[in-house]
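Residues per chain, in single letters:
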Amino acid sequence: MKQFKVGKKAVKAAVLLCLLAVIVVVCVVVLMGNDSDTADSDLSEPKAESSQNTAKQANTEEEQDMKTTEEQKKPEKETIEWNPDWEYADHSKIHTGSAVLYYSQAEDLKDKVICINAGHGTEGGSSESTLCHPDGSPKVTGGSTSEGAVTATAINEGTTLLNGTSEAEMNLRVAKLVKTKLLEEGFHVLMIRESDDVQLDNIARTVIANNHADCHISIHYDSTENDKGAFFISVPENESYRSMEPVASHWEEHNALGQALIERMEEEGVPIYSSGSMAIDLTQTSYSTIPSVDLEVGDRGSSTSDETLETIASGIAAGVSSYFK
Ligand SMILES: [Zn+2]
């Protein structure tokens with residue numbers, strides 16, 4: 001028994017000694033490891049290797065996520081500055097402002113840039129005038145500028161809704177809702193105006209869209225006050241107008257885009273005026289080299305409730321999807 005007790009103590013001591021030895025060895029190894037790192041001429045190398053290893057692990061664990069990230073290398077947004085070399089750029093009078101191109105971060109990217117142009121909102125726009133048509137020919141219909149006019153205000157102030165809100169403000173509210181929906185659906189969005197004012201006239205807005213977007217939708221409210229419903233401005237059935245460039249090459253696209261928007265807006269529950277279109281010779285149409293429409297989403301008497309605006313925005317987003325299908 002006594003011998004056994006002594007033997008037990010001896011075993012305990014031996015185990016403790018072994019543990020101590022192991023701890024000492026581990027400490028020495030760790031210190032040597034640090035020494036060798038310190039001795040290395042490039043301190044950053046081991047760190048870089050270690051972070052690379054971590055990244056490799058992340059790759060294997062979240063390969064799918066990384067793939068998605070690879071596809072989304074584009075920044076969230078980009079400022080689009082004016083370029084005087086663009087076609088028709090010399091026809092614009094106000095172009096010190098810039099637009100912003102938002103890149104969709106959605107998984108299902110559509111590879112299309114939609115220009116959303118909140119109509120009006122350019123201080124001083126009424127005191128400048130620009131050519132209605134790039135070739136200087138007179139307007140073929142009336143509208144905010146009368147038929148036969150060669151020049152029009154560079155951009156006017158727009159109307160005011162019966163509840164006192166400016167059209168420019170309403171246009172912007174709708175534009176922002178549309179932007180959010182389009183980005184969610186995988187479309188990139190070129191926003192012409194994002195605050196009360198942007199120093200870009202109608203020609204500047206159109207020329208920027210021509211060079212950075214796949215289609216151009218300007219948002220407006222009409223000056224009537226009977227809440228008559230939404231419509232788009234179609235290209236007048238006028239021989240000389242439809243044979244003038246760039247209208248000749250694009251008028252069918254303009255009408256097709258307008259039609260797609262109105263059809264889907266109606267499906268979403270937006271009241272539509274008459275056949276959904278009104279033919280007017282517009283500056284926007286006259287300078288557009290991409291599918292382009294002026295969309296009147298309501299008039300001065302229309303409801304401005306959040307629910308109404310949501311419905312309008314959903315209809316526009318659905319119309320864009322349907323046009324590019
Ligand atoms: Zn307007």
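### Side note on the packing of helix 4 (residues 167-184) against helix 9 (residues 306-323)
- Interhelical geometry of helix 4 versus helix 9 gives an angle of 50 degrees and a closest axis separation of 9 Å. Between helix 4 and helix 9, the angle falls in the class oblique. As helix 4 packs across helix 9, the resulting crossing turns out to be right-handed. Contact residues: R173, V174, L177, V178, K181 and L182 in helix 4; L309, E310, I312, A313, S314, I316, A317 and V320 in helix 9.

### Quick word on the environment of V247
- In this structure, V247 sits in helix 7 (residues 247-268).
- Beyond its immediate sequence surroundings of up to four residues, V247 is in contact with V235, Y241, R242, T285 and S286.

### A word on the packing of helix 7 against helix 9
- For the pair helix 7 and helix 9, the least separation of the axes is 7 Å and the interaxial angle reads 135 degrees. What the angle tells us is that helix 7 and helix 9 run oblique. Between helix 7 and helix 9 lies a crossing whose hand is right-handed. On the side of helix 7, the interface is formed by L257, A260, L261, E263, R264, M265 and E268, while helix 9 contributes T311, I312, S314, G315, I316, A318, G319, S322 and Y323.
- The residue inventory of the contact of helix 7 with helix 9, partitioned by class, reads 8 nonpolar, 5 polar and 3 charged.

### A word on unusual backbone geometry
- The residue after E245, namely P246, is reached through a cis peptide bond having omega 5 degrees.
- Following the sequence through the fold, P246 ends up in the loop between helix 6 (239-242) and helix 7.
- A positive phi angle, near 60 degrees, is found at D111, a position not held by glycine.
- If you trace the backbone, D111 turns up in the loop between strand 2 (99-102) and strand 3 (113-118).

### Focus: the sheet that holds strand 10 (residues 292-299)
- Pairing within the open sheet is mixed, and its 8 strands lie in the order 1-2-6-3-7-10-8-9. On the outer flanks of this sheet lie strand 1 (77-80) and strand 9 (272-279), each paired with one strand and no other. The average angle at which neighbouring strand axes cross in this sheet is 25 degrees, direction not considered.
- As paired strands, strand 2 and strand 6 (residues 188-191) are joined by 3 bridges and run antiparallel to one another. Each bridged residue has a counterpart across the sheet, and for Y102 the counterpart in strand 6 is V189.
- With respect to the sheet, helix 4 is in contact with strand 2, strand 3, strand 6, strand 7 (215-222) and strand 10, its orientation differing from that of strand 7 by roughly 140 degrees.
- Across the sheet, helix 7 touches strand 7, strand 8 (230-234), strand 9 and strand 10, and the angle it forms with strand 8 is around 175 degrees.

Conventions adopted
- Residues numbered from 1 in each chain as written.
- Predicted model: local features only at pLDDT ≥ 70, side-chain atom pairs only at ≥ 80, totals over all residues.
- Axes fitted to C-alpha atoms, helices over the stretch in contact; angles between N-to-C directions.
- Helix = DSSP H or I, 4+ residues; strand = E, 2+ residues; numbered from the N terminus.
- Parallel < 35°, antiparallel > 145°, perpendicular 65-115°, else oblique.
- Left-handed = near helix turned anticlockwise from the far one by under 90°.
- Contact = placed C-beta atoms within 7 Å.
- Nonpolar A, V, L, I, M, F, W, Y, C, P; charged D, E, K, R; others polar.
- Pairing = 2+ DSSP bridges.

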